[in-house]
Amino acid sequence: PSLDCNSNGIPDECEQGNPCSECPADVSGDNYVDVTDLLAVIGAWGEEFSEVDVNGDGIVDVSDLLEVVGSWGPCE
């Protein structure tokens, strides 16, 4: 399992904009897109250049939310 030393729901190796998964909507890094990822996106709403910016457009917004919902389930 990945470390999350700051308890923000995002594995430490995934912070600082480093992709850690072939499944970008899996912001928690647990290989599953679920409520944890949804809550992380909602919690970072409006943040610029956040590691929770699923689509990489520079801001966490409805586009990221839609990516999470559209990717719901196990990462393949």
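Residues numbered from 1 in each chain as written. Predicted model: local features only at pLDDT ≥ 70, side-chain atom pairs only at ≥ 80, totals over all residues. Heavy atoms only, no water.

Colleague: Please set out the overall build of the protein chain residue by residue, giving values where relevant.
Modeller: Summing up its helical and strand segments, the protein chain has two helices and two strands in all. The order of α-helices and β-strands along the protein chain, N terminus first, is β-α-α-β. Residues counted as buried form 34% of the 76 residues belonging to the protein chain. In the protein chain, once contacts between residues fewer than 6 apart in sequence are set aside, the share between residues at least 24 apart is 36%. Summing over all exposed atoms, the protein chain offers an accessible surface of approximately 4600 Å²; the carbon and sulfur share of this is 54%. (Helix = DSSP H or I, 4+ residues; strand = E, 2+ residues; numbered from the N terminus. Buried < 20%, exposed > 50% of the residue type's maximum accessible area, 1.4 Å probe, protein only. Contact = heavy atoms within 4.5 Å. Areas by Shrake-Rupley, 256 points an atom, 1.4 Å probe, with all protein chains shown as cover.)

Colleague: Account for the nonpolar core, naming residues and giving values.
Modeller: Ranked by internal contacts, the top residues of the largest apolar core, which has 14 residues, are Val33, Val41, Val52, Val54 and Val68. Looking at which element gives the most residues to this core, the answer is helix α1 (residues 35-43), with three residues. Apart from residues lying up to four places away in sequence, Val54 is in contact with Pro24, Ala25, Val27, Val41, Asp64, Glu67 and Val68. (Core = buried A, V, L, I, M, F, W, Y, C linked by side-chain atoms within 4.5 Å.)

Colleague: Tell me about the state of the cysteines, residues and numbers included.
Modeller: Enumeration according to the criterion identifies one disulfide in this entry. For Cys23, the disulfide goes to Cys75, at an S-S distance of 2.3 Å. Across the S-S bond of Cys23 and Cys75 the torsion is about -70°, and the bridge reads as left-handed. A residue pair is termed long-range when its members are at least 10 positions apart, and Cys23 in the segment before β1 (32-33) and Cys75 in the segment after β2 (73-74) qualify at 52 residues. Cys23 sits in the buried class, given a relative accessible area of 12%. Residue classification places Cys75 among the buried residues on the basis of a relative accessible area of 16%. (Disulfide = S-S within 2.5 Å.)

Colleague: Provide a residue-level description of the packing of α1 against helix α2 (residues 62-70), including the pertinent values.
Modeller: Relative orientation of the contacting elements α1 and α2 amounts to 180°, with a least axis distance of 10 Å. Relative to α2, α1 is oriented roughly antiparallel. Across the interface between the two elements, Asp37, Leu38, Val41 and Ile42 from α1 touch Asp64, Leu65, Val68 and Val69 from α2. Looking at the contact of α1 with α2 residue by residue, the class counts come to six nonpolar, no polar and two charged. (Axes fitted to C-alpha atoms, helices over the stretch in contact; angles between N-to-C directions. Parallel < 35°, antiparallel > 145°, perpendicular 65-115°, else oblique. Nonpolar A, V, L, I, M, F, W, Y, C, P; charged D, E, K, R; others polar.)

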